[in-house]
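Report on the structure
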Amino acid sequence: MYLAKGFIYFHHLILKLELISSIKRSHAIYSVIKWGSLIVLVLLLAFHFEDLKHSVILWDTLNTLVRDSDSWWKISVMLIFVILNYTIEAAKWKQLLRPITAISLWHAFKGIMMGILFSVFTPGRLGEFGGRMLVLEQRHRLSGVASVLVGSLAQNLSIMVLGSISALYLYKLSSGLPVIVLASTWILILSATGIGLMVYYNISHLISVIEKRKIRPSWKKHIHSLTVLSNYSSRELSRILMISILRIAVWVATYLFIWLFIFRLSIDVNFVAAALLLFMLQTGVPLPPITGILARGGLAVFIWGHFGIDEWSALIATFILYFFNLIIPSIVGVFVLLFNYRKN
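Rules of the game
- Residues numbered from 1 in each chain as written.
- Predicted model: local features only at pLDDT ≥ 70, side-chain atom pairs only at ≥ 80, totals over all residues.
- Heavy atoms only, no water.
- Patch = residues over 30% accessible without salt bridge, like charges linked within 9 Å, V, L, I, M, F, W, Y side chains within 5 Å.
- Areas by Shrake-Rupley, 256 points an atom, 1.4 Å probe, with all protein chains shown as cover.
- Salt bridge = Lys/Arg side-chain N within 4 Å of Asp/Glu carboxyl O.
- Helix = DSSP H or I, 4+ residues; strand = E, 2+ residues; numbered from the N terminus.
- Buried < 20%, exposed > 50% of the residue type's maximum accessible area, 1.4 Å probe, protein only.
- Contact = heavy atoms within 4.5 Å.
- Phe/Tyr/Trp six-rings, centres within 6.5 Å; stacked < 30°, edge-to-face > 60°.
- Lys NZ or Arg CZ within 6 Å of the ring centre and 35° of its normal.
- Expected span 1.5 Å × (residues − 1).
- Lys, Arg positive; Asp, Glu negative; His and termini not counted.
- Charge placed at Lys NZ, Arg CZ, Asp CG, Glu CD.
- Core = buried A, V, L, I, M, F, W, Y, C linked by side-chain atoms within 4.5 Å.
- Axes fitted to C-alpha atoms, helices over the stretch in contact; angles between N-to-C directions.
- Parallel < 35°, antiparallel > 145°, perpendicular 65-115°, else oblique.
- Left-handed = near helix turned anticlockwise from the far one by under 90°.
- Nonpolar A, V, L, I, M, F, W, Y, C, P; charged D, E, K, R; others polar.
- pLDDT = per-residue confidence, 0-100.

Residues Ile165, Trp186 and Leu190 make up a contiguous nonpolar surface patch of about 280 Å² in total accessible area. Structurally, Trp186 is set in helix α8 (residues 179-201). Classification of Trp186 by relative accessible area gives partly exposed; the value is 34%.

Below you can see the structure in the form of structure tokens.
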């Protein structure tokens, strides 16, 4: 599964490399990207909020939560979680860019915001590649895409492992498993984890494997830009993996905060496992984040329903996460694109 996903990532990576390398630095193209992104985001937000108003229960509940007397500090804490989450991601990308170019944490953060902006429109968040590259100099962009690939693999590997273990824990807890099934499942998880780690720590060998295969002539010029993958040591890759796990911990803490302080529920370790499982399942949704909220909401209803949480509460919690982790960063990304774009 991990190996197949790695080659899928590579295929999309080459497509992004071709796109990025074909874009010339011109004011006209940048203006189209800038204003086009703004218009599309505004239209999609208007559509979603109009659709939200038709869900009377959902809309009224959200209004009640916002107008609550102590909502200000809850909103403040949620914003702190969001800033922490994407600051960690910016630090991770800054670390991945070290073999390519020096970049400040602030510029990495701006790249993350623009990446989020473009990713919400595209399946599998592929637009994130192009958005981040706007903060890099032209000569570093192709290699920069490879750095995003490594970070994405680390993030997906982390959540796949933690989500799989959580699924096994919850299933064993709810129904009990025969020893043979339990042992077989653990062997499967450990095997998949081993393969995933082997691919991750040997990602530098990806180039030599691909070069031996018959590839399109137009792709060959991009292969050289991926040689940056050989510059990552095992220690650096392990550090990136730890940072990825830290991001997951922040996401889980955000979810637990919503249940504990916004919905005032009693939580335990099972909620942690459920949040990790849900994160894994939602990560696998191939739809663009801004149009895939219904699919993600359906998964949340299914998972949290096993904990006695009603459908509307699960949907509201999903929307709160969606709003703070995607909508707000996308709006910030628009402002970065409009006013703070670094001329290279």
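Note: most residues except glycine have negative phi, and most peptide bonds are trans. One non-glycine residue, Arg264, lies in the positive phi region at around 55°. Its place among the elements puts Arg264 in the loop between α11 (234-262) and α12 (269-283).

Counting through the fold element by element, Ser164 comes out in helix α7 (residues 141-175). We classify Ser164 as partly exposed; its relative accessible area is 23%. Placed 29 residues apart in sequence, Ser164 and Thr193 show a C-alpha to C-alpha distance of 9.7 Å. Excluding residues within four positions of it along the chain, Ser164 makes contact with Ile159, Ile189 and Met280.

This model, assessed by the stated rule, comprises five salt bridges. Its salt-bridge partner being Arg132, residue Glu89 comes within 2.7 Å of it at the nearest N-O pair. With Glu89 in helix α4 (residues 71-96) and Arg132 in helix α6 (residues 127-133), this residue pair connects regions lying 43 residues apart in the sequence. Classification of Glu89 as buried rests on a relative accessible area of 6%. For Glu128, the salt bridge goes to Arg132, with nearest N and O atoms at 2.5 Å. Of the two residues, Glu128 and Arg132 both sit in helix α6, four residues apart, roughly one turn of that helix. Members of the salt-bridge network, linked through shared partners, are Glu89, Lys92, Glu128, Arg132 and Arg247.

This structure, assessed with the given rule, holds 18 aromatic pairs. With 4.3 Å between their ring centres and 15° between their planes, Trp251 and Phe279 make a pair best called stacked. Note that Trp251 is positioned in helix α11 and Phe279 in helix α12, a separation of 28 residues in sequence. The same class applies to Trp251 and to Phe279, which are both buried. Here the aromatic residues Trp251, Tyr255, Trp259, Phe263, Phe271, Phe279, Trp304 and Phe307 are joined through ring pairs into a cluster of three or more. The aromatic ring of Trp93 is capped on one face by Arg132, whose charged end is 5.3 Å from the ring centroid.

Moving on, we come to helix α5 (residues 105-119). Its 15 residues place the ends of α5 20 Å apart at the C-alpha level, agreeing with the 21 Å of an ideal helix rising 1.5 Å per residue. For α5, a buried count of 13 out of 15 residues is recorded, marking the element as mostly surrounded by other parts of the structure.

Assignment of secondary structure puts Asn85 in helix α4. Classification of Asn85 as buried rests on a relative accessible area of 4%.

Here we take up a positive patch on the surface. The grouping of Lys94, Arg98, Arg235 and Arg239 at the surface amounts to a positive patch. Turning to its location among the elements, Lys94 is positioned in helix α4. For Lys94, a relative accessible area of 33% translates into the label partly exposed.

Let's shift gears to the nonpolar core. Within the largest apolar cluster, 86 residues are counted, with the highest numbers of intra-cluster contacts made by Trp93, Tyr200, Tyr255 and Trp304. With residues near it in sequence (within four places) discarded, Trp304 still touches Tyr255, Trp259, Phe271, Ala274, Ala275, Leu278, Ile309 and Ala314.

Quick look at the packing of α11 against helix α14 (residues 311-339) now. Packing of α11 against α14 brings their axes to within 11 Å, and their N-to-C directions diverge by 130°. Comparing their axes, α14 and α11 come out oblique. Crossing handedness for the pair α11 and α14: right-handed. Contacts between α11 and α14 pair Trp251, Thr254, Tyr255, Ile258, Trp259 and Ile262 from the former with Ser313, Ala314, Ala317, Thr318, Ile320, Leu321 and Asn325 from the latter.

So, about the packing of α11 against α12. Where α11 contacts α12, the axes come no closer than 10 Å and their chain directions differ by 120°. By the angle class used here, α11 and α12 are oblique. In this structure, the crossing between α11 and α12 has a hand that is right-handed. Where α11 abuts α12, its residues Ile248, Trp251, Val252, Tyr255, Leu256 and Trp259 lie against Phe271, Val272, Ala275, Leu276, Leu278, Phe279 and Gln282. Split into classes, the residues belonging to the contact of α11 with α12 amount to 12 nonpolar, one polar and no charged.

Take His140: it is sitting in the loop between α6 and α7. Non-local contacts of His140, meaning those with residues more than four positions away in its chain, are made with Ile100 and Thr101.

Glancing now at the confidence of the model for the protein chain. Overall, the predicted model of the protein chain reaches an average pLDDT of 79, with 71% of residues at or above 70. A low-confidence stretch, residues 1-11 stays under pLDDT 50, and its non-local contacts, those more than four residues away or across chains, total 21 contacts.

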